[in-house]
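Chain by chain, the residues:
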Amino acid sequence: MKDKALGDRLIESSQALPRFGYRRTAAWLEVGLCRVRRLWKQLGLQLPRRRRCGTDIRLPGATHPNSVWCYDFVHDRFADGRAFRLLCVLDEHTRECLAIEVGQSLKGENAVAVLHRIAMQRGVPKTIFCDNGSEFVGRALDLWAYVNKVRIDFSRPGKPTDNAHVESFNGRLREECQNSHLFVSMQDAKRVIEAWRTDYNESRPHRALGNCTPKEFALAAGTCAGDKSDGMPETLNQSGTNSG
């Protein structure tokens, strides 16, 4: 009887969170791992095996919260076929998703505005890791990083696994959110994606964090949004000079 009740819960959770394996499901349901693994196999809930890409090596310096951020763009379309973009920003150490900016056409200036907004809440990081796309290589980002003494570290061309953490996050975002919703408007996309981001940070156990959620891990480390431990960002006037 107990196994049947748990089996029903596993089936429900696998439908609600189709990319969760038995380990994350066990942590999420707070049930013994061996018992979940046994029922998981009996119920045929295994996902197809896929080749692993990249490694789980943290960047040099990402030894405490807010030291290294990474960010990347993700593409999607509305139900009527119009394209839009998402800008995802993560903390490399805590794995928190600091922001998912949704817009019709996001460019380098938009990325800087998002980074500045996060930095106003948390302080600036020491390093930001990103790809070599045109959105990431531009005067606006260079100027913001120079003024705030932030190092910009670019992945090698054609090597997306250099930015493995954000690539892994993007895959989870697509599988658990984007592929499960048909967005009808910008407002709809922003609402659904922000709700998913909150759930990811506050409710989803993360194996790399010892099955803590990113928010739990950040709180245990003593740093979360609002703890401006690495300094406030400088502001620029219209001429591009430091006004802080």
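You'll find the structure just up there.
Predicted model, so just to flag it, every value in this text is computed and none were measured.

Before we move on, can you summarise helix α3 (residues 33-42) with the specific residues and values?
Those residues of α3 not exposed but buried are V36, L39 and W40. Buried residues along α3 cover an arc of 105° about the axis, so they all sit on one side. Along α3, the residues that are exposed and aim more than 90 degrees away from the buried face are C34, K41 and Q42. Just downstream of α3 lies G44, where phi reads positive at about 70°.

Talk me through the sheet that holds strand β1 (residues 68-77); I want residue IDs and the actual numbers.
Picture the strands of a sheet paired through backbone hydrogen bonds; they go either parallel or antiparallel. Read across the sheet, 5 strands follow the order β3-β2-β1-β4-β5 without closing on themselves; strand pairing throughout is mixed. Each of the sheet's edge strands pairs with one partner strand only, and the pair in question is β3 (97-103) and β5 (151-154). Taken over all neighbouring pairs, the strand axes of this sheet differ in orientation by 20° on average, direction set aside. Pairing between strand β2 (residues 83-91) and β3: 6 bridges, direction antiparallel. Bridging from a neighbouring strand, L87 pairs with E101 of β3.

Rules behind the numbers
Residues numbered from 1 in each chain as written. Predicted model: local features only at pLDDT ≥ 70, side-chain atom pairs only at ≥ 80, totals over all residues. Heavy atoms only, no water. Buried < 20%, exposed > 50% of the residue type's maximum accessible area, 1.4 Å probe, protein only. Helix = DSSP H or I, 4+ residues; strand = E, 2+ residues; numbered from the N terminus. Arc of directions from axis to C-beta. Pairing = 2+ DSSP bridges. Axes fitted to C-alpha atoms, helices over the stretch in contact; angles between N-to-C directions.

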